[in-house]
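# Reading the structure
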Amino acid sequence: MRATIIHAPRDIRVEDRPDPVLALPGDAVVRVTAACVCGSDLWPYRGVRAVEQPHPIGHEFVGVVEEVGQAVTTVAVGDLVVAPWAVSCGECPACRNGVQVACEHRASWGGADEQGFAVDAGQGERVRVPMADGTLVPVPGVTDPDEALLKSLLTLSDVMGTGHHAALAAHVGPGRSVVVVGDGAVGLCGVLAAKRLGAERIIAMSRHEDRAEIARRFGATDVVAERGRAAAEAVRELLGGVLADSVLECVGTSESMDQALRCTRPGGSLGFVGVPAGGAELPIGLLFSKNISVGGGAASTRAYLPELLADVLSGAIEPGLVFDSVMPLEDAAEAYAAMDERRAIKVMLRPAGAA
């Protein structure tokens, strides 16, 4: 099969790999129909995170189940499934508490499982999925989605659930004012999540008109282009002299965290989901003096998938609009370059024969 391999910073190749086979009774083999590049994939691509050796990459995919192990009970051959970005057993205390990212038996896409068997990554033609019952979510009643629905289903593997996680951590709800820092796919999905949860005023921060337009379609009432202290002053002006009740930090740098904190009112809440990459340390003194509550972290998108999937299937939300580019899997290197250079918000990859 063909799969995307990262060899070094800015060195992405699509290469032949062995076809996956069932290794354990709880495994499933999934034929990938759509995958994508994540903003967090850009950290090793840019050299922010070390690439110690070549390895498969990609943690977001949708596909069709081709084989299941004898212990698998919740998915069957032929099912269209969404794979969350984190593999999880579904049975340990962390999973039962809805924190699948902290699963005691967690495996990693492109790495290995607890037993030491290699695990394929999402940006390829096929994937062996460990702990299929705890990981995969079948899409009821859908076998051949059109491209628009496929895009929205793909967001449920990571970015839509992550934006939702940020909104919940920031206590977004009816009547609240919200600021979203970050105009990538996660930030845009954070805008959509805030709208879905009933926020009254949603301020998206963006300097790019194409991204700002999607933010408006998702429910943003205002767009602010300023950064840092100037951004906070713009928020204060828009909100009649006060700062935001809820702020979503969706980037992961020290600058984005500083901006998010500046936009949060005393007694307000901040939800952070940006993968830390640049010293985004929390200033305890500021949190203490302003009584700001902070929550968030890595999103357990598996926990949110059922409710968000229902809204996608009903047409209540269309998070797939964050995909502004579709490329064949063989063009994965160009997909990374396009996102790195901000020529694309998010790129969907289609393996050969998947269309």
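Report on the accompanying structure. From a predicted model like this one, the values you see are computed outputs, not experimental measurements.

### With respect to the pattern of salt bridges
For the coordinates displayed, the defined rule picks out 23 salt bridges. Close ionic contact of Arg236 with Glu233 constitutes a salt bridge, the shortest N to O distance being 3.8 Å. Here Glu233 and Arg236 lie together in helix 8 (residues 228-238), a separation of three residues that amounts to about one turn. With relative accessibility at 32%, the residue Arg236 sits in the partly exposed group.

### Focus on the nonpolar core
Core analysis: the biggest nonpolar cluster contains 49 residues, and Leu153, Leu156, Met160, Val172 and Leu248 have the highest contact counts within it. Of the residues forming this core, the biggest block, eight residues, is contributed by helix 6 (residues 185-196). Sequence-distant contacts of Leu156, that is, excluding residues within four places in its chain, are made with Val82, Thr301, Leu305, Leu308, Leu309 and Val312.

### Points about the environment of Cys95
Along the chain, Cys95 turns up in helix 2 (residues 93-96). In the structure, Cys95 is positioned 39 residues away from Pro56 in sequence and 26 Å away in space, judged by C-alpha atoms. In this view, Cys95 contacts Ser88, Cys89, Gly90, Gln100 and Cys103; residues no more than four positions away in its chain are not counted.

### A look at the packing of helix 5 (residues 159-169) against helix 11 (residues 301-314)
Where helix 5 contacts helix 11, the axes come no closer than 9 Å and their chain directions differ by 100°. Comparing their axes, helix 11 and helix 5 come out roughly perpendicular. Counting all contacts with helix 5, which are made through Met160, Gly161, Thr162, His164, His165 and Leu168, the residues of helix 11 involved are Thr301, Tyr304, Glu307 and Leu308. Looking at the contact of helix 5 with helix 11, its residues break down into four nonpolar, five polar and one charged.

### Structural notes on the environment of Pro145
For Pro145, the location among the structural elements is in the loop between strand 8 (137-138) and helix 4 (147-155). Residue Pro145 is classed as buried on the basis of its relative accessible area of 17%. With 65 residues separating them in the primary sequence, Pro145 and Leu80 have C-alpha atoms 9.2 Å apart. Non-local contacts of Pro145, meaning those with residues more than four positions away in its chain, are made with Leu80, Leu150 and Leu153.

Conventions used here
Note on numbering: residues in each chain are counted from 1, in written sequence order. Per-residue local features of the predicted model are confined to residues with pLDDT of at least 70, and side-chain atom pairs are confined, for both listing and counting, to 80 or more; whole-chain, interface and lining totals are unaffected and use all residues. The basis for every side-chain value is the complete set of non-hydrogen atoms in the structure, without hydrogens or water. Salt bridge, as applied in this entry: a Lys or Arg side-chain nitrogen positioned within 4 Å of an Asp or Glu carboxyl oxygen. Put simply, DSSP marks the helices as runs of H or I at least four residues long and the strands as runs of E at least two long, and each gets a number from the N terminus on. Categorising residues by exposure relies on relative accessible area from a 1.4 Å probe, with only protein chains included: less than 20% of the type maximum marks a residue as buried, more than 50% marks it as exposed, and the intermediate range marks it as partly exposed. Remark: nonpolar core denotes a set of buried residues (Ala, Val, Leu, Ile, Met, Phe, Trp, Tyr, Cys) joined through side-chain atoms within 4.5 Å. Residue contacts follow a heavy-atom distance rule, with two residues in contact if any of their heavy atoms lie within 4.5 Å. Fitted lines through C-alpha atoms give the axes, limited to the stretch in contact for helices. The angle between two N-to-C directions lies from 0 to 180 degrees. Small angles under 35 degrees read as roughly parallel and large ones over 145 as roughly antiparallel, with 65 to 115 read as roughly perpendicular and the rest as oblique. Gly is placed with the polar residues, together with every amino acid not listed as nonpolar (Ala, Val, Leu, Ile, Met, Phe, Trp, Tyr, Cys and Pro) or charged (Asp, Glu, Lys and Arg).

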